[in-house]
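# Structural characterization, general
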Amino acid sequence: MLVSLNALGQETVYSGDPDTSFFAARDLAFAGNRASARDTLKSILTKYPDYLDVRNLLAKTYSWDQEYDAARLEFNRVTSTERKNSEAWVGAIKNEQYAKNYNIALGLANKALNYLPQDEELLRLKQEIVQHIEDQQLLQNRLKTTKIAEERNQSLTLYTEAEVFDGDLDPMYFGALEYQKRTKWGVLIPRINYNRRFNINGIQAEVDAYPRFSKSLSGYVNYGYSGDVIFPRHRMGGELLKELPKAMEASLGFRHLIFEQDAATILTGTFGLYRGNYYAVLRPYFVPDAKKGLGISGNLLVRKYFKDGNNFLGMNLVYGFDTELNQFIINGQLLSETLLYLEAQRLRLEYQFTNKKGNNQYKANLGVNRQELAFSSGNFFLSVTAGIAYQVKFR
């Protein structure tokens, strides 16, 4: 029996060419035969335990098969022996990323950069991990904010805004009162809008709905009505929003405005992304018309969030036609439909914050505008807008 065991033990000792076996194991691993590759790699290491390329590949096969603890052990053996082995450090960091141990991955990246401070792949990985951690923190803050908002699932908001012009035009005033209700299916927001333009008053009633169809798909539906000339008679809109990987989102939708003697359809959509505490979204507008041609406008919104999604500093830039529908008088007639083709540029800064309990919310905005005169093509006016909003949340 002793002779038999001795013979069996001798058969498990590696006796081939380590380089040839390593390349064969590598081909097996890349072809998906990782278990067979590991058998060969382990066999080589019985005789050549310091063959670090072999141990590094063994660690990678464990990582690819989600055996993260085993991979970590092998990567540590390599990096402990050879501090400047970039491939091993990269593999060890990615192993922790795959295991969703992002703080450990960041620690490894910092340690690796002590030995390889100029390594581009290590620098890129560190930046990627830091970005992911910041995105996760922002997401957690948003979830926390959403949870608080669900506890206080109703709110009442009062808006007021004024626009002052550089010429002889009278100031314009805007106000709104809205009620918001959060439900299991989404959010419902009825609203009353008030406008005073050139001593003409107008009121518009509208309702917004934001249904949620799944964790990554939501929608927007709008309808508004007014019997006053400074508003469209009917206003309708719809949009679908899809959350994408890597903290991105995109949407596609439309707006349809019906005036007394004309109508306009606006095609729109968004592409947004979150990076750390920053959010940026680009929204183009297209107004196709057989007679007037194609009206194009763009809206860029950038925000920096603070402690949660209700506290931020933002900038809004509009270039193209005037999406705000700030109608003007032409020959004594107030016309809404012509304004979708007038050139306009708008820059608006906004700041929103809450009290400590989170049940009161405040928002202020300040903007500078440049818009083409409806009654004098090619000539422009300047204006300044300022507004405030106050929201109270309750159960």
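The preceding data block contains the structure.
Procedures and definitions
Residues numbered from 1 in each chain as written. Predicted model: local features only at pLDDT ≥ 70, side-chain atom pairs only at ≥ 80, totals over all residues. Heavy atoms only, no water. Core = buried A, V, L, I, M, F, W, Y, C linked by side-chain atoms within 4.5 Å. Buried < 20%, exposed > 50% of the residue type's maximum accessible area, 1.4 Å probe, protein only. Helix = DSSP H or I, 4+ residues; strand = E, 2+ residues; numbered from the N terminus. Contact = heavy atoms within 4.5 Å. Phe/Tyr/Trp six-rings, centres within 6.5 Å; stacked < 30°, edge-to-face > 60°. Lys NZ or Arg CZ within 6 Å of the ring centre and 35° of its normal. Salt bridge = Lys/Arg side-chain N within 4 Å of Asp/Glu carboxyl O. Polar contact = N/O pair within 3.5 Å; in protein donor to acceptor, adjacent residues only side chain to side chain. Pairing = 2+ DSSP bridges. Expected span 1.5 Å × (residues − 1). Arc of directions from axis to C-beta.

## With respect to the nonpolar core
Counting 30 residues, the largest nonpolar core has Phe22, Leu41, Ile44, Val54, Trp89, Ile93 and Leu122 as its most contacted members. Contributing elements (two or more residues each) for this core: α2 (18-30), α3 (34-47), α4 (52-64), α5 (68-81), α6 (86-98), α7 (102-115) and α8 (120-151). Residues contacting Leu41, with those up to four places away along its chain left out, are Phe22, Ala25, Val54, Leu57 and Leu58. If you look at the next biggest cluster of nonpolar residues, it comprises 7 residues, including Leu138, Val281, Leu301 and Phe312.

## Let's talk about the packing of aromatic side chains
Scanning the model with the defined rule gives 11 aromatic pairs in all. Summarising the aromatic geometry, the rings of Phe30 and Trp64 are spaced 6.0 Å apart at their centres and angled 45° between planes, so their arrangement reads as tilted. Taken together, the residues span a long stretch of sequence, with Phe30 in helix α2 and Trp64 in helix α4 at a distance of 34 residues. According to the relative accessible area criterion, Phe30 is exposed, its value standing at 58%. Measuring from centroid to centroid gives 5.7 Å for Tyr305 and Phe312, while their planes differ by 70°, and the two rings are edge-to-face. Through successive ring pairs, a cluster of aromatic residues spans Tyr351, Phe353, Tyr362 and Tyr390. Taking the ring centre of Phe312 as reference, the NZ or CZ of Arg303 above it sits at 4.0 Å.

## Details of the pattern of salt bridges
What the rule picks out here adds up to 19 salt bridges. Glu87 is paired through a salt bridge with Lys60; the nearest N and O atoms lie 2.6 Å apart. Of this pair, Glu87 sits in helix α6 while Lys60 sits in helix α4, and the two are 27 residues apart along the sequence. With a shortest N-O distance of 2.9 Å, Glu128 and Arg124 are connected by a salt bridge. Of this pair, Glu128 and Arg124 both sit in helix α8, 4 residues apart, roughly one helical turn. Residue classification places Glu128 among the partly exposed residues on the basis of a relative accessible area of 38%. On the basis of relative accessible area, Arg124 is assigned to the partly exposed category, the value being 37%. Salt bridges here are not isolated pairs; linked through shared partners, they connect Glu178, Arg191, Glu206, Asp208 and Arg235.

## Topic: the side chain of Asn193
Mapping Asn193 onto the fold places it in strand β3 (residues 186-197). There is a polar contact of 2.7 Å between the side chain of Asn193 and the side chain of Glu206. Contacts of Asn193, omitting those with residues within four sequence positions, involve Phe174, Gly175, Ala176, Gly202, Ile203, Gln204, Glu206 and Phe231.

## A short note on the pairing of strand β5 (residues 217-225)
Of the pairings in the sheet, the one linking strand β4 (residues 200-211) to β5 comprises 5 bridges and is antiparallel in character. Paired with Ala209 across the two strands is Val221, which belongs to β5. Pairing between β5 and strand β6 (residues 234-244): 9 bridges, direction antiparallel. The residue of β6 that forms the bridge with Gly219 is Leu240.

## Observations concerning α5
Relative to the 20 Å expected for 14 residues at 1.5 Å per residue, α5 spans 20 Å between its end C-alpha atoms, a close match to the ideal helical length. For α5, the full list of buried residues reads Tyr68, Ala71, Glu74, Phe75, Val78 and Thr79. Axial view of α5: buried residues confined to an arc of 130°, hence all on one face. Turned more than 90 degrees from where α5 packs its buried face, Asp69 and Thr81 sit exposed. Those residues of α5 that are buried are in contact with α4 and α6.

It is worth stressing that arrangement in space is one thing and function is another; only the former is reported here.
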